[in-house]
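Working through the structure, step by step
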Amino acid sequence: IAKSRRCKYMNIVSLLPSGTEIVAALGRSDSLVAVSHECDHPPEVARLPRVTSSAIDHTADAATVDASVRAHVLTRQPLYSVDWDLVASLAPDLIVTQALCEVCAVSETECRSQALRLTPAPHIATLSASTLDGVLVDIEGVAHALDDAIAGRTLIAALREKIERIHQRLKAAKAPRPRVAVIEWTDPLFIAGHWVPEMIRRAGGEDVVGIPGSHSTVVTREAIITARPDIVLVAPCGYDVHRAAAVAKETNWGVPVWAVDANSLLSRPGPRLIDGVETLAAIFHPALFGAPRPDCALPIS
């Protein structure tokens, strides 16, 4: 980054919620000049202009959302739009984007193409992690883009310390690992992938259906039952705990079921994934960690 862009007051545009949360966790929320339509954390970003929009009605039921996404992908229609004229008017020094999933947010390809048309062209910080450790690497990358490696190291150390405290408590108690299935979408059924299986392991469980680092996958109900989970977590991507609880009540899995606030704790590859590990540990081992907060997870059956 050019020297002029290393100043404390550099202008940052974030095109996805995890980017916004990383920038804020690094102490630079005052540098954000615009965010995506989905950004809702921390609360102070509510004042900022929105530079993205979605072609999908995410308030619709799961089957309708899935059908709409598939139709757009099949016909190569964009799922997201960016107001690049608004972006240009904000003169960003840094744009935070992603290269993990074109269904989840604006693609890196579009971002880089459009950014080249801006004068001067902003720096691009790309999030691409598919694992929990990769998320920490992405945080470090954003910190370097902000020319604040110290803030990055400090934040990452604090997050690793939280994980280590959970590990040591589980280790000391020789806690057994419950078998866990995580449902990321309900119609059709998707099991969670990417960093979620690793989060389950770090929280003292064993994911019996998800593959660490892989994309989420469509499965049958029978496949989940055959995996013999002790606990089923219903955590649809983008849902808060109450919306997750509503859909979790629609199916009987024959084992304890919990609804989890995926929007805050599982779906977004940023610092709050570690809060998600803490919540999962409380679900799996309440005697060691206490009951999870009701705004994070709710028992269904």
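Parameters and conventions
- Residues numbered from 1 in each chain as written.
- Predicted model: local features only at pLDDT ≥ 70, side-chain atom pairs only at ≥ 80, totals over all residues.
- Heavy atoms only, no water.
- Helix = DSSP H or I, 4+ residues; strand = E, 2+ residues; numbered from the N terminus.
- Rg over C-alpha atoms; globule rule 2.2 N^0.38 Å.
- Buried < 20%, exposed > 50% of the residue type's maximum accessible area, 1.4 Å probe, protein only.
- Contact = heavy atoms within 4.5 Å.
- Areas by Shrake-Rupley, 256 points an atom, 1.4 Å probe, with all protein chains shown as cover.
- pLDDT = per-residue confidence, 0-100.
- Expected span 1.5 Å × (residues − 1).
- Pairing = 2+ DSSP bridges.
- Right-handed = clockwise from strand over helix to strand, strands pointing away.
- Core = buried A, V, L, I, M, F, W, Y, C linked by side-chain atoms within 4.5 Å.
- Salt bridge = Lys/Arg side-chain N within 4 Å of Asp/Glu carboxyl O.

Quick notes on the overall build of the chain
Looking only at helices and strands, the chain has 12 helices and 13 strands in total. Since a compact globule built from 301 residues should have a radius of gyration of about 19 Å, the 20 Å found for the chain is in line with a globular shape. In terms of its C-alpha atoms, the chain occupies a principal-axis envelope of roughly 60 × 45 × 30 Å. Per-residue burial for the chain yields a buried fraction of 50% across its 301 residues. Of the contacts made within the chain by residues no fewer than 6 positions apart, 65% connect residues no fewer than 24 positions apart. Here the chain has roughly 13900 Å² of accessible surface; of this, 54% comes from carbon and sulfur atoms.

A few points about the confidence of the model for the chain
Chain-level pLDDT for the chain is 93 on average; 96% of the residues reach the 70-or-more range. Per-residue pLDDT stays below 50 along residues 1-6; that stretch engages in 12 contacts with residues further than four places along the chain or on separate chains.

Some remarks on helix α5 (residues 132-145)
Note that an α-helix has 3.6 residues per turn; residues three or four places apart therefore point the same way. An ideal rise of 1.5 Å per residue puts 20 Å on 14 residues; α5 measures up with 20 Å between its terminal C-alpha atoms. For α5, the secondary structure elements touched by its buried residues are α1 (17-25), β5 (94-98), β6 (123-127), α6 (149-173), α7 (196-202) and α11 (272-284).

Looking at the pairing of strand β12 (residues 257-260)
Consecutive residues of a regular strand have side chains that alternate between opposite faces of the sheet. Both faces of β12 are covered, namely the face carrying Val257 and Ala259 and the face carrying Trp258 and Val260. One ladder, built from three bridges, connects strand β11 (residues 231-234) with β12; its direction is parallel. Across the sheet, residue Leu233 finds its bridge partner in β12, namely Trp258. Tracing the backbone out of β11, into helix α9 (residues 241-248) and back to the parallel element β12 gives a crossover that is right-handed. Bridge analysis of β12 against strand β13 (residues 297-299) gives three bridges, and the strand direction is antiparallel. The residue of β13 that forms the bridge with Trp258 is Pro299.

What to know about the pairing of β11
In β11, alternate side chains face the same way, and those of Ile231 and Leu233 on one face and Val232 and Val234 on the other are all buried. As paired strands, strand β7 (residues 179-186) and β11 are joined by four bridges and run parallel to one another. Looking at β11, one finds that Val180 is bridged to Ile231.

Some details on the nonpolar core
Grouped together as the largest cluster of nonpolar side chains are 55 residues, with contacts concentrated most on Leu26, Ile139, Leu233, Leu280 and Phe284. In this structure, Leu26 is in contact with Ile139, Val142, Ala143, Leu146, Ala151, Gly152 and Leu155, ignoring residues within four places of it in sequence. In terms of nonpolar packing, the next biggest core, distinct from the first, is built from 43 residues, Ala60, Leu79, Val82 and Val219 among them.

Considering the pattern of salt bridges
Inspection of the entire model under this criterion finds 11 salt bridges. Here Arg268 makes a salt bridge to Glu21, at a shortest N to O gap of 2.7 Å. Placement of the pair is Arg268 in the loop between α10 (262-265) and α11 and Glu21 in helix α1, with a sequence separation of 247 residues. Taking relative accessible area as the criterion, Arg268 reaches 8% and is therefore assigned buried.

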